[in-house]
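# Observations on the model geometry
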Amino acid sequence: QSVTPSSSFTILKTILHTKGPRTLWSGLTPRMIEGLFSGGVLLAAKEGLHNVLTNVASPIITKSVGLTLPPSVIGFVSGAGGGCAQSLVMGPTSFIVTACVSAMNNNDDNEGDDESTPVSAIEVAKRVVRERGIGGLYRGSSAVAVRQATNWASRQGFTEFVRPRIPVGGVW
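Predicted model only: the values in this text are computed from it and were never measured.

All right, on to the packing of aromatic side chains then. Under the counting rule described, the total for this entry stands at 0 aromatic pairs. Sitting over the face of the ring of Trp-152, Arg-155 holds its NZ or CZ atom 4.6 Å from the ring centroid. Positioned over the ring face of Phe-161 is Arg-165, at 3.9 Å from the centre of the ring.

Right, here's the structure in full:
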């Protein structure tokens, strides 16, 4: 059986026709909760690393070898560390949210009604741990960690590089 490539518009049209516009927002609440937790972990880890690098590591390195860590390096390292920490939360929660949304969509397909059948995130997590162990929640997390580390390293490194070059009043 061959799969016919479809454009994004064709897929959107099919989704709207078969499931309706509400389907476009299925999983929004769990994704918002995931974002709250993963964003909080990212910010806490990044800021913690930034403070340690700025206030502890940088003075030690300057005193011992005479090298000053530029703010962009501190931003790069703290961003990477924050991204890795975020993936510890993001990996399992993304996995669970995706499993819940997929299960709801499968329930809808099987039952033929218009209402979504809720799927418990706790039940999904219990099933995965029972079947695959705690590591089952982290399937694919190394890819998430690499993506998040590189993403936030570049963002924070660039931010710290540009920050002193932008005037406080915003006028060049």
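The periodicity of an α-helix, 3.6 residues per turn, causes residues three or four positions apart to be oriented the same way. With 12 residues, helix α4 (residues 121-132) extends 16 Å from end C-alpha to end C-alpha; this agrees with the ideal 16 Å at 1.5 Å per step. Taken as a whole, α4 has its buried residues at Val-124, Ala-125 and Val-128. For α4, the arc enclosing every buried residue in end-on projection is 95 degrees, short of the 170-degree limit, so these residues lie on one face. Exposed positions of α4 whose direction lies more than 90 degrees from the buried face are Ile-122 and Arg-130. Structurally, the start of α4 carries an N-cap: the backbone nitrogen of Ile-122 is 3.2 Å from a side-chain oxygen of Ser-120. Just downstream of α4 lies Gly-133, where phi reads positive at about 80 degrees.

All right, on to the pattern of salt bridges then. Applying the stated rule across the entire model yields 4 salt bridges. Lys-46 is paired through a salt bridge with Glu-47; the nearest N and O atoms lie 2.2 Å apart. Using a relative accessible area of 37% as the deciding quantity, one classes Glu-47 as partly exposed.

For the rest of this paragraph, the subject is the nonpolar core. Within the largest apolar cluster, 7 residues are counted, these being Ile-96, Ala-99, Cys-100, Val-124, Ala-125, Val-128 and Leu-137. Residue assignment for this core shows that the elements contributing at least two residues are α3 (71-111) and α4.

Here we come to a nonpolar patch on the surface. A cluster of nonpolar residues, Phe-9, Ile-11, Leu-12, Ile-15, Leu-16, Leu-24, Trp-25, Leu-28 and Met-32, forms a patch on the protein surface that exposes about 900 Å² of accessible area. Counting residues per element, the ones that place at least two in the nonpolar patch are α1 (8-18) and α2 (28-65). Looking at the nonpolar patch, the element that brings in the most residues is α1, giving 5 residues.

What counts as what
Residues numbered from 1 in each chain as written. Predicted model: local features only at pLDDT ≥ 70, side-chain atom pairs only at ≥ 80, totals over all residues. Heavy atoms only, no water. Phe/Tyr/Trp six-rings, centres within 6.5 Å; stacked < 30°, edge-to-face > 60°. Lys NZ or Arg CZ within 6 Å of the ring centre and 35° of its normal. Helix = DSSP H or I, 4+ residues; strand = E, 2+ residues; numbered from the N terminus. Expected span 1.5 Å × (residues − 1). Buried < 20%, exposed > 50% of the residue type's maximum accessible area, 1.4 Å probe, protein only. Arc of directions from axis to C-beta. Polar contact = N/O pair within 3.5 Å; in protein donor to acceptor, adjacent residues only side chain to side chain. Salt bridge = Lys/Arg side-chain N within 4 Å of Asp/Glu carboxyl O. Core = buried A, V, L, I, M, F, W, Y, C linked by side-chain atoms within 4.5 Å. Patch = residues over 30% accessible without salt bridge, like charges linked within 9 Å, V, L, I, M, F, W, Y side chains within 5 Å. Areas by Shrake-Rupley, 256 points an atom, 1.4 Å probe, with all protein chains shown as cover.

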